[in-house]
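A structural walkthrough
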Amino acid sequence: MELSILGKKLSTHFSACLHLIKPLENTYQSLLLAMSSCDLCGSSCQHYRQLCDHCYHDLPLFNQDIIQGDLLNWPSINKDLPKVVFDQLICLAPHCAPFDGWLHQFKYLSRFELAQLFAHLLADKLNELLMAGYMEKPQLMIAVPLHISRLQHRGYNQAHLIATKLAQRLATKYALKYEPQLVTRSKATVTQVGKTGRQRRKNLQAAFTVNNTKSLPDHVMLIDDVVTTGATASEISTLLKRHGVKHVTLVTLTLAMRR
Ligand SMILES: [Zn+2]
């Protein structure tokens, strides 16, 4: 009896503390934003930690409304990606400035803090598409994996870094689970750079493994930094669909179109 009274009192005090902590947290976040400078122009930031509102509005983002939130609805993109197995493609922007520079710095100059900005931009876009009804809520999120030898050489998987930050923003709100080990790259393939779509598909055959004996959910969201021919995402989508997945949404920061 005494314990339950004590429990109730502690719970009341805890709730009161939370009410005090929340405004402090908001102030802290505002201070962090005010102290941050835009990666492109050096001005102070408002919504994004590394990007001011002026530069945000100047980004060359895809207009998702005219394609109902799916770049596969865009005829020229559909023509460029004729044999993809994933069902929906969401990319923030074409692979041009400033995204190409950011991704180069992220992948090759160890600017890992950019993962936070990429995830924030993607989370805002996904929220927008979900609210507009252009996208169904996925139940599971995975990142395109690297083979262990590539991971040891590079030291990190850029898709995983973005997915981790994205999960922090979306997981609770949408009951979305991030499972980084669900799909692994079991075959060390040679680099895809410079290969045609057909060569890429051949190179990737049986390159991935699903590490799960339980049934997978209907809708899986696959994260990568950039999509070029869609061969890697298609190979993973084929594998996921063999394990019962019905819908795969590929989400990347940029789309590197060949034409
Ligand atoms: Zn700026």
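Summary of the structure given here. (Residues numbered from 1 in each chain as written. Predicted model: local features only at pLDDT ≥ 70, side-chain atom pairs only at ≥ 80, totals over all residues.)

As for the overall build of the chain
Convention followed: By definition, any uninterrupted DSSP run of H or I lasting at least four residues is a helix, any uninterrupted run of E lasting at least two residues is a strand, and each is numbered from the N terminus. Here exposure depends only on C-beta density: within 10 Å of a residue's C-beta, 20 or more other C-beta atoms make it buried, 12 or fewer make it exposed, and intermediate numbers make it partly exposed, the C-beta atoms being placed from the backbone. Note on contacts: each residue gets a C-beta atom placed from the backbone, and two residues are in contact if those atoms are within 7 Å.
When helices and strands are counted, the chain shows nine helices and seven strands. By the burial criterion, 31% of the 259 residues in the chain qualify as buried. Look at the contacts in the chain between residues 6 or more apart in sequence, and 70% of them connect residues 24 or more apart.

Topic: the pairing of strand β1 (residues 88-94)
Test applied: When DSSP locates at least two bridges between a pair of strands, those strands are taken to pair.
Of all seven residues in β1, five are buried; the element is thus mostly enclosed. Strand direction decides the pairing type here: β1 and strand β7 (residues 247-255), joined by six bridges, are parallel. Along β7, the bridge assignment pairs Pro-94 with Leu-255.

A short note on the sheet that holds β7
To keep it simple, the criterion reads: Helix axes use the C-alpha atoms of the stretch in contact, all axes being lines fitted to C-alpha atoms, and the angles between their N-to-C directions lie in the range 0 to 180 degrees.
One open sheet accounts for five strands, arranged β1-β7-β6-β2-β3; its pairing is parallel. Sheet topology places β1 and β3 (177-178) at the edges, where each strand pairs with a single neighbour. Relative to strand β6 (residues 219-227), strand β2 (residues 140-143) runs parallel, the two being bridged by four bridges. Across the sheet, the residue bridging to Met-141 is Met-221, located in β6. Contacting β1, β6 and β7, helix α4 (residues 99-108) crosses the sheet at an angle of about 100° to β7.

Observations regarding the pairing of β7
Heads up, the rule is: Here is how to tell: hold the view so the strands point away, follow the path from the first strand over the helix to the second, and if it runs clockwise the crossover is right-handed.
When you tally the buried positions in β7, you get eight out of nine residues, the bulk of the element. Pairing analysis gives eight bridges linking β6 to β7, with the strands arranged parallel. Residue pairing for β7: Ile-223 is matched across the bridge by Val-251. In this fold, β6 hands off to helix α9 (residues 231-242), which returns the chain to β7; that crossover is right-handed.

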